[in-house]
Amino acid sequence: MVFRRIVFCITSFLFFVSSIIGQKQPLQAEDSLAQITWVENQYEKMSLEEKIGQLFMVSTAARDVEATSEKLKKLIADYSLGGVIFLRGQPKAQIEITNTIQAASKTPLLIGTDAEWGLAMRLDSTFAYPFNMTLGAVKDTNLIERVGRHIAKQVKRVGAHINFAPVLDVNSNPDNPIIGSRSFGESPFNVGLKGAALARGMQKEGILACGKHFPGHGDTDKDSHAELPKIMASKAKMDSIELIPFQKLSDQHIDAMMVAHLEVPSIETTPGLPSSLSKATVTNLLIKEIGFEGLIFTDALNMGALTAAASEGTNISLKAFIAGSDVVLMPKDLPSAFDAFKSAYGSGRLTETRLARSVKKILMAKFKAGLHEYLPSATENVVEDLNTLQDKILAEDVYENALTLAKNNVSLVPIRKLENKKIAYVALGDGAHAPFYDMLKNYAKVTQVSANSISEYKEKLSKYNLVIIGYHKNSKTPWKSYKFSDEELSWLEQIAGLRTSNTIFACFANPYALKSVNNFKSIDALLVSYQNDSIAQQKTAQAIFGAISIKGKLPVSIQDVFLEGTGIETKTLGRLGFTLPERVGLSGTGLSYVDSLVQVGLDSLMFPGAQVLVAKRGNIVYQKNFGSPTYEGTARVNGMHIYDLASLTKILSTLPMIMKMEEEGNIALNNTFEELVPEYADSELKDVTVLKALSHYGRLPAWIAFYLSTLNKDRKPSREFYRFEPTQGFTNKVSDNLYITDAYRDSIYNRIGRQSLKSNRYRYSDVAYYVFKKYIEEHYSKRLDELVEDFFYEPMGLQNTAFNPLQKFNKEYIVPTEEDQYFRYQTVQGYVHDMGAAMQGGVGGHAGLFSNAQDVAKIMQMYLQGGMYGGKRFLQERTIKKFNTCYFCHKEVRRGVGFDKPQLKDSGPTCGCVSRKSFGHSGFTGTYTWADPEEELVYVFLSNRTYPSASNRLLVESGLRTRIQQAIYDSIIE
């Protein structure tokens, strides 16, 4: 006792510090006068049979409503039941049964449930929260309390009043077959801290919490459902480990405790006597020594652990009550138990004082649960109410905070320098793994490798320098097998031991699975994700690539290699993550209006298909694909489809190169075209500056129809300029079976040099980007497409972005742009739509780039983050600010330096709802992207409105792209 109190005092001090930091409150307030009055009135009206009946809680299933209701109504009539526990079934059925039996009961029934990780533990069609082991890895107890509150709302919604949770067992035995992931871990401090938080959350929502399984079911390898486990711990050990969480929650006034069926010789000296039937355990230890004053339940009395005790003749229900429990849970034989209580009362073995103590405690609990003002529960929308958006948001928070990095050689996680990585993924285990693999592919090219033998694995994996291994086991319940097969263990060890690659191992299973791993030396990074839930898989993939940070701590030790409390914390690398809109201040319901707007576009034939993406605070929250690549066929647009970005090329390709050169001192905003292209020294363009050209204030012509002069009298490509197959001097491919003379490049620049400046100052122009492309390529002696790939796209992990996409992607993933009837006379698919860019071999400074919505968003996010992305600085923040400045606003020119900016008057390129700091661009083919630093928001719209004809201006005239932008801003909920 003294030793336990010393240990408890130390532990309590730690709890106290945590409580001060987290501003925690006690679990329960003092009993009110109204409560006491109601209890006394109820008790005085009861007959002996009614009082005895209050002590019993029977079990049932929530399925056959009529038959179950009738059966329970008879038990209520015959035995005046105190409560019912629902073990399995359907939520609507449970409500209907509960409403029926409450109406039939003179004294309101206490309805119980086992919802340790939510109602999904017992009822179908309900939401499952992470297991306690996962919660044990979370440092933030506020999250655990929120879980408790949400579980309580579920419990209350189906008409129940007490949840037999939290589990307070300290799982110090890795081979425990029944507790395992149901425990918060092996540390009594952590179990107590997290158990108190969960209980506090439930009780704040008016649901009674019940700590279990006293005095501690953690240190055993036996299942009490089948046999009586024997806990051989000394009393000193029990005091210092198992009893600590129960003491803590008793002191914080948890509503109830459940006593387990265990043989604990250090507490109960009678051989084979279960703790649930032991006065030494219940009365002497729990009530007197620990000082618990709340309601005490037995564990289910129909369990196999009580088989031997039941044969001794004494009714085990009565024996459990005499030992000190208040509620007899799930008696194996209710009639005989009821009769045994009546006989004991008649003989004086059961006194009125003892009976009153328990019955009044039960009534006290019923009052606290609101049963003095009982109202039936509604059945409408019950499934929707039990699967809310708020549940999903909280589950994301928990899985994200639980993820634990136990080992991280050479800071391998999060992954940096994607340009140096060739990544393979290997799936082990029998659980689903698609959510993990699919999310990995959002960040880099990751190839799944499967094989039937280790030799085959070695051969295939030799081509990769980084291997990510996922161990996936079905974790629908904590009792599912989590163990490796011998073959999997061998493969894991040998794959990790490959000298040609580094290894990241992610365990989506109970961390005890890792106790069978023979050697962790070859594993460079070890991630513990605890469960194979799809959210856990997605969050783990995001963490591996640095989209989210890692914060979790191991709640149990893995062998003697990674001790409890181990956890390497990481910071984000600024890569785009994925989450629900509400987690970043947007309304998902509001964003659903975007669906309707895009559908209007489809129905109005503005475009055959589209991709729309919204990101906020560095997270993609809306990413959908609509329609089809063309109006013919059955194919649907998906995330892999890429679009001709048209003028988005300016800000996603040429402009970042100019910014880079400006930082390096290789170009300046006051440089003139004469300085960039000396051949223009005698032209009217000579004094046009970089600043004015990029701001579209240089009086340059809007565009030049270079292609017209290359057509013959029939307006077809002239043989003077084109060939139908590549030959010497004709290597620039314009489209299928059409090659332009290489000499025409000089003709383009000569013609630009002959242009006259226009009279009006502001004129949107593509012409300057021909000049910039020439200057960039001559400076680096390399093509523009190669430069941006090396400097930006590959390091950023842009897998779906390229000029001349047919050289890299299957044609089926490239959305057609037009049925050309004026130049190329064919379907333009995989070739840039812009004629001038096509005549430059598909690479223009103003057009030619193809991409999907996600890759466009990554570049825009890089701009938002001041030039940082994936832990790499691509541009200086000051450079982006310099180019994102409107230098001629006083001249009523809204443009920034390359970037488009919000309108200065009523109409313009945006919805008018964006900040002045925002920037973006639109493209001729039906594309649009915009970023807003103040709202930390990126919006991407990609379509092929030019298909089948570029004369279709319905999208432009409707303002649909900016109407969608308005809907996005209307969805902001902060």
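These remarks concern the structure in this document.

Rules and cut-offs
Residues numbered from 1 in each chain as written. Predicted model: local features only at pLDDT ≥ 70, side-chain atom pairs only at ≥ 80, totals over all residues. Heavy atoms only, no water. Helix = DSSP H or I, 4+ residues; strand = E, 2+ residues; numbered from the N terminus. Buried < 20%, exposed > 50% of the residue type's maximum accessible area, 1.4 Å probe, protein only. Lys, Arg positive; Asp, Glu negative; His and termini not counted. Salt bridge = Lys/Arg side-chain N within 4 Å of Asp/Glu carboxyl O. Contact = heavy atoms within 4.5 Å. Patch = residues over 30% accessible without salt bridge, like charges linked within 9 Å, V, L, I, M, F, W, Y side chains within 5 Å. Areas by Shrake-Rupley, 256 points an atom, 1.4 Å probe, with all protein chains shown as cover. Charge placed at Lys NZ, Arg CZ, Asp CG, Glu CD. Core = buried A, V, L, I, M, F, W, Y, C linked by side-chain atoms within 4.5 Å. Pairing = 2+ DSSP bridges. Phe/Tyr/Trp six-rings, centres within 6.5 Å; stacked < 30°, edge-to-face > 60°. Lys NZ or Arg CZ within 6 Å of the ring centre and 35° of its normal. Axes fitted to C-alpha atoms, helices over the stretch in contact; angles between N-to-C directions. Parallel < 35°, antiparallel > 145°, perpendicular 65-115°, else oblique. Nonpolar A, V, L, I, M, F, W, Y, C, P; charged D, E, K, R; others polar. Left-handed = near helix turned anticlockwise from the far one by under 90°. 1 Å grid on protein atoms, 1.4 Å probe; cavity = no way out; pocket = protein on both sides within 12 Å on 5 of 7 lines; lining within 4 Å. Points joined across faces, edges and corners; volume = space filled by probe spheres on them. Expected span 1.5 Å × (residues − 1). Disulfide = S-S within 2.5 Å.

1. Considerations on the side chain of R945
Within the element layout of this structure, R945 appears in the loop between strand 30 (937-943) and helix 31 (954-958). The buried charged residue R945 lacks any salt bridge partner; its closest oppositely charged side chain belongs to E818, at an N-O distance of 8.1 Å. Setting aside residues up to four positions removed in sequence, R945 forms contacts with M606, F607, F924, T925, G926, A950, N952, R953, L955 and V956.

2. A few points about a positive patch on the surface
On the surface, K422, K445, K463 and K808 cluster together into a patch of positive charge. Tracing the backbone through its elements, the reader meets K445 in the loop between helix 17 (434-440) and strand 11 (446-448). Judged by its relative accessible area of 66%, K445 is exposed.

3. Focus: the nonpolar core
Residues F56, F297, L461, F505 and L514 are the most contacted members of the largest nonpolar core, which totals 159 residues. A per-element tally of this core places helix 14 (residues 352-368) first, with 7 residues.

4. Describing the sheet that holds strand 19 (residues 722-723)
Spatially, the 3 strands line up as an open sheet ordered 19-21-20, and their pairing is antiparallel. Edge strands, defined here as strands with exactly one partner in the open sheet, are strand 19 and strand 20 (732-735). Taken together, the 2 bridges between strand 19 and strand 21 (residues 738-740) define a ladder with antiparallel strand orientation. What sits directly across from Y722, in strand 21, is I740.

5. Brief notes about the environment of G753
Within the secondary structure, G753 is located in helix 25 (residues 744-753). The exposure class of G753 is buried, given its relative accessible area of 16%. C-alpha of G753 to C-alpha of Q203: the two residues are 550 residues apart in sequence and 79 Å apart in space. Excluding residues within four positions of it along the chain, G753 makes contact with Y680 and S683.

6. Digging into the packing of aromatic side chains
Across all of its chains, the model carries 35 aromatic pairs by this definition. On the numbers, 4.9 Å between centres and 65 degrees between planes, the contact of F436 with F508 is edge-to-face. With a gap of 72 residues between them, F436 in helix 17 and F508 in strand 13 (residues 502-508) connect regions that are remote in the sequence. Like F508, F436 is buried. In this structure, K650 packs its charged tip against the face of Y769, placed 5.5 Å from the ring centre.

7. What to know about the pairing of strand 12 (residues 466-472)
Put simply, side chains in a regular strand alternate between the two faces of the sheet. The buried fraction of strand 12 is high, at 7 of 7 residues. Burial along strand 12 is two-sided: the face carrying L466, I468, G470 and H472 and the face carrying V467, I469 and Y471 are both buried. Note that strand 10 (residues 423-428) and strand 12 share 6 bridges and pair parallel. Along strand 12, the bridge assignment pairs I423 with L466. Bridge analysis of strand 12 against strand 13 gives 7 bridges, and the strand direction is parallel.

8. A look at the pattern of salt bridges
As enumerated under the stated definition, the model contains 49 salt bridges in all. E569 is the salt-bridge partner of K553, the closest N and O atoms lying 3.5 Å from each other. Linking K553 in the loop between helix 20 (534-544) and strand 15 (577-578) with E569 in the loop between helix 20 and strand 15, this pair joins segments that are 16 residues apart in sequence. Using a relative accessible area of 22% as the deciding quantity, one classes K553 as partly exposed. Its salt-bridge partner being E662, residue K882 comes within 2.6 Å of it at the nearest N-O pair. With a gap of 220 residues between them, K882 in helix 30 (residues 877-883) and E662 in helix 22 (residues 648-664) connect regions that are remote in the sequence. On the basis of relative accessibility, which here comes to 14%, the residue E662 falls in the buried class.

9. Regarding the packing of helix 27 (residues 784-796) against helix 29 (residues 853-864)
Two elements in contact, helix 27 and helix 29, have axes whose closest approach is 10 Å; the angle formed by their N-to-C orientations is 105 degrees. Between helix 27 and helix 29, the interaxial angle falls into the category roughly perpendicular. Contacts between helix 27 and helix 29 involve F792, Y793 and M796 from the former and K858, I859 and M862 from the latter. Taken together, the residues of the contact of helix 27 with helix 29 break down into 5 nonpolar, no polar and 1 charged.

10. Remarks on the packing of helix 25 against helix 26 (residues 767-780)
In contact at an axis separation of 11 Å, helix 25 and helix 26 are set at 125 degrees when each is read in the N-to-C sense. The orientation of helix 25 with respect to helix 26, classified from their angle, is oblique. By crossing handedness, the relation of helix 25 to helix 26 is classed as left-handed. Mapping the contact onto sequence places R745, I748, Y749 and I752 in helix 25 and V767, Y770, V771, K773, K774, E777 and E778 in helix 26.

11. Comments concerning empty space enclosed by the protein
Counted by the stated rule, this structure contains 5 cavities of 30 Å³ or more. Roughly 80 Å³ of volume is contained in the largest cavity. Forming the walls of the largest cavity are 15 residues, and the residues nearest its centre are N474, S475, T477, K480 and N510. Classifying every residue of the lining of the largest cavity gives 6 nonpolar, 7 polar and 2 charged.

12. Brief notes about a nonpolar patch on the surface
Taken together, the side chains of L605, Y631 and L954 define a hydrophobic patch exposed on the protein surface, amounting to about 270 Å² of accessible area. With respect to the helices, strands and loops of the structure, L605 is situated in the loop between helix 21 (588-603) and strand 16 (609-616).

13. Observations concerning unusual backbone geometry
With an omega dihedral of 5 degrees, the bond running from K212 to H213 counts as a cis peptide bond. Each neighbour pair has its own omega, and for F214 with P215 the value is 5 degrees, a cis peptide bond. Relative to the helices and strands, P215 resides in the loop between strand 5 (208-214) and helix 9 (235-251). Residue R617 is not a glycine yet carries a positive backbone phi of 50 degrees. Its location among the elements puts R617 in the loop between strand 16 and strand 17 (619-627). For R617, a relative accessible area of 32% puts it in the partly exposed group.

14. Here we look at helix 14
Look at helix 14: 24 Å from first C-alpha to last across 17 residues, which is about the 24 Å you get at 1.5 Å a residue. Three or more residues of helix 14 are buried, namely R354, L355, A356, S358, V359, K361, I362, L363, A365, K366 and F367. Of the residues flanking the end of helix 14, it is G370, one or two places downstream, whose phi is positive at about 90 degrees.

15. Description of the environment of S317
Its location among the elements puts S317 in helix 12 (residues 316-323). Residue contacts for S317: discarding those within four places in its chain leaves F56, L301, V328, P331, A337 and F341.

16. A word on the sheet that holds strand 2 (residues 83-89)
As summarised here, the arrangement of the 8 strands in space is 7-6-5-4-3-2-1-8, forming an open sheet in which the pairing is parallel. Looking at which strands have only one partner, the edges of the open sheet turn out to be strand 7 (295-298) and strand 8 (328-329). Of the strand pairs in this sheet, strand 5 and strand 6 (residues 256-259) are connected by 3 bridges, and their pairing is parallel. The residue bridging F214 from the neighbouring strand is V259, located in strand 6. Seen against the sheet, helix 14 touches strand 3 (110-113), strand 5 and strand 7 and runs at an angle of roughly 105 degrees to strand 7.

17. Looking at the state of the cysteines
Two cysteines whose sulfur atoms are joined by a covalent bond form what is called a disulfide. Counted by the stated rule, this structure contains 2 disulfides. A disulfide bridge connects C886 with C889, and the sulfur atoms are separated by 2.0 Å. The S-S bond linking C886 to C889 shows a torsion near 125 degrees; that makes this disulfide right-handed. Overall, the relative accessible area of 18% leaves C886 in the buried class. By relative accessible area, which is 25% here, C889 ends up partly exposed. Across the disulfide from C911 sits C913; the S-S distance is 1.8 Å.

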